[in-house]
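# A look at the structure
The primary structure of each chain is shown beneath.
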Amino acid sequence: MPKSPDPQDIWRQATRRLTEAGLDGARRDARLLLEAAFGWPPHALTLGTPAVSGEGLARLEAFLARRLEHEPVSRILGVRDFWSLPFRISPATLDPRPDSETLVQAVLDRTEKDAALRLLDLGTGSGCLLIALLTERPHAWGVGIDRATDAAQMAKHNAVSLGVGARSAFAVGDWTGAVQGRFDVILSNPPYIPLADREGLARDVRDYDPALALFGGADGLAPYRQFAVALQAHLVPGGLLALEIGWDQGAAVQGLLQQAGWHAVACLPDLAGRDRVIVAYSPQSLLFSEHPPEKTVGKLGGCV
Ligand SMILES: C[S@@+](CC[C@H](N)C(=O)[O-])C[C@H]1O[C@@H](n2cnc3c(N)ncnc32)[C@H](O)[C@@H]1O
């Protein structure tokens, strides 16, 4: 009977193939792909000698072929950890980035733990920002909007599987086109890459993240121009706006918001020290009313 291949040899060979293709983090990627292909628990390779099956080898070969085409491991496995929570992702959703945790932290730093906040997440994608916030704010509820139906559905799936389904609603729409009522916090990580930068993007991004999630018009600022004028009408007086930005867009986005009359506009850095988030407050003093999440999305698109 032929001897079963040694898992360590398989790991070494997979690492070598990824390294030779110029991919960073080859050893870790190879380990994650082996674990998924063979159905091993995390770190089985360092803790013992797990079993190798023929079907597992075939699955691994298919995974490696995809990684060699620069498809990110998170896309191959269909899951990405964000805020220490596992989010399902799909071709319709952005692969959540660690930098975006800066935006979650910015909102947490400016809100009370027990506040009954109403949150609106524009361009929700996998729902990672809104869902992370709802796990940290147990009395809050939120609405996530996306123009991509598949993204809104994936966000809904994630909200349910991560235990905040009852405090959230997701709808398809063009920014606030499908939204009624006012919120305490509006957050967004909109597409902000200038169209002209497309060819310069890494293959992992250009070929696998959806274009709708990446490009913000000719200069990358199109969503912020819309938000600056449109979003005050959807915030309570003194409500918080928190926007992710590109590292070189801080001055431009602050300028747009200041011109539109937002208060206390400030720019916050990510962990690498680069501009990453803009926060601002609504100056209006209008009356507002309570709306449960499912009542705040209008006919356009409707809840998913
Ligand atoms: C940069 S991604 C952010 C996704 C997710 N919030 C995150 O941080 O990982 C931008 C999202 O905005 C959505 N989007 C783009 N244009 C939109 C529009 N006009 N109205 C609503 N959503 C839009 C995209 O489909 C995408 O999911």
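To start, this report covers the structure provided alongside it. (Residues numbered from 1 in each chain as written. Predicted model: local features only at pLDDT ≥ 70, side-chain atom pairs only at ≥ 80, totals over all residues.)

### Overview of the overall build of the protein chain
- Across its full length, the protein chain holds 12 helices and nine strands.
- Taking 304 residues into account, the globule formula puts the C-alpha radius of gyration at 19 Å, and the protein chain, at 21 Å, falls close to it.
- Counting only C-alpha atoms, the protein chain reaches 80 × 40 × 35 Å along its principal axes.
- The buried share of the protein chain, taken over its 304 residues, is 38%. (Helix = DSSP H or I, 4+ residues; strand = E, 2+ residues; numbered from the N terminus. Rg over C-alpha atoms; globule rule 2.2 N^0.38 Å. Buried ≥ 20, exposed ≤ 12 C-beta atoms within 10 Å, placed from the backbone.)

### Section: the environment of Ser100
- Mapped onto the secondary structure, Ser100 falls in the loop between strand S2 (85-88) and helix H6 (101-109).
- For Ser100, a count of 21 C-beta atoms within 10 Å gives the class buried.
- Along the sequence, Ser100 and Phe170 sit 70 residues apart, while their C-alpha atoms lie 20 Å from each other.
- With residues up to four places along the chain from it excluded, the contact list for Ser100 reads Cys128, Leu129, Asn189 and Glu244. (Contact = placed C-beta atoms within 7 Å.)

### What about helix H2 (residues 26-38)?
- Taking 1.5 Å per residue as the helical rise, H2 with its 13 residues ought to reach 18 Å, and the 18 Å between its terminal C-alpha atoms agrees with that figure.
- Against helix H1 (7-20), helix H3 (44-47), helix H4 (54-68) and helix H5 (73-77) lie the buried residues of H2. (Expected span 1.5 Å × (residues − 1).)

### Points about the nonpolar core
- The biggest cluster of nonpolar side chains holds 61 residues, and the ones touching the most others in it are Leu241 and Ala242.
- With seven residues, helix H7 (residues 128-136) is the largest single contributor of residues to this core.
- With residues up to four places along the chain from it excluded, the contact list for Ala242 reads Leu103, Ala106, Val107, Val185, Leu187, Val277 and Val279.
- Membership of the second largest hydrophobic core comes to 11 residues, among which are Ala30, Ala37, Phe63 and Val73. (Core = buried A, V, L, I, M, F, W, Y, C linked by C-beta atoms within 7 Å.)

### Observations regarding the site of the ligand
- Not every one of the 21 residues close to the ligand is listed here, only the nearest: Gly123, Gly125, Arg147, Asn189 and Ala213.
- Breaking the shell around the ligand down by element, the ones donating at least two residues are H7, strand S4 (141-146) and helix H10 (211-214).
- Classifying every residue of the shell around the ligand gives 12 nonpolar, six polar and three charged. (Near = placed C-beta within 6 Å. Nonpolar A, V, L, I, M, F, W, Y, C, P; charged D, E, K, R; others polar.)

### Examining the sheet that holds S4
- What the seven strands build is an open sheet, ordered S5-S4-S3-S6-S7-S9-S8; its pairing is mixed. Strand pairing shows two members of the sheet lacking a second neighbour, strand S5 (168-172) and strand S8 (263-269), which therefore form its edges. Taken pair by pair, the neighbouring strands of this sheet meet at an average axis angle of 15 degrees, ignoring direction.
- Examined bridge by bridge, S8 and strand S9 (residues 275-281) share five bridges and lie antiparallel to one another. Directly across from Cys267, in S9, lies its bridge partner Ile278. (Pairing = 2+ DSSP bridges. Axes fitted to C-alpha atoms, helices over the stretch in contact; angles between N-to-C directions.)

### Structural notes on unusual backbone geometry
- The backbone of His70 sits at a positive phi, close to 75 degrees, despite the residue not being glycine.
- One can find His70 in the loop between H4 and H5.
- Residue classification places His70 among the partly exposed positions, given that 16 C-beta atoms sit within 10 Å.
- Phi is positive for Trp83, close to 55 degrees, though the residue is something other than glycine.

By themselves, these figures tell us nothing about what the structure is for.
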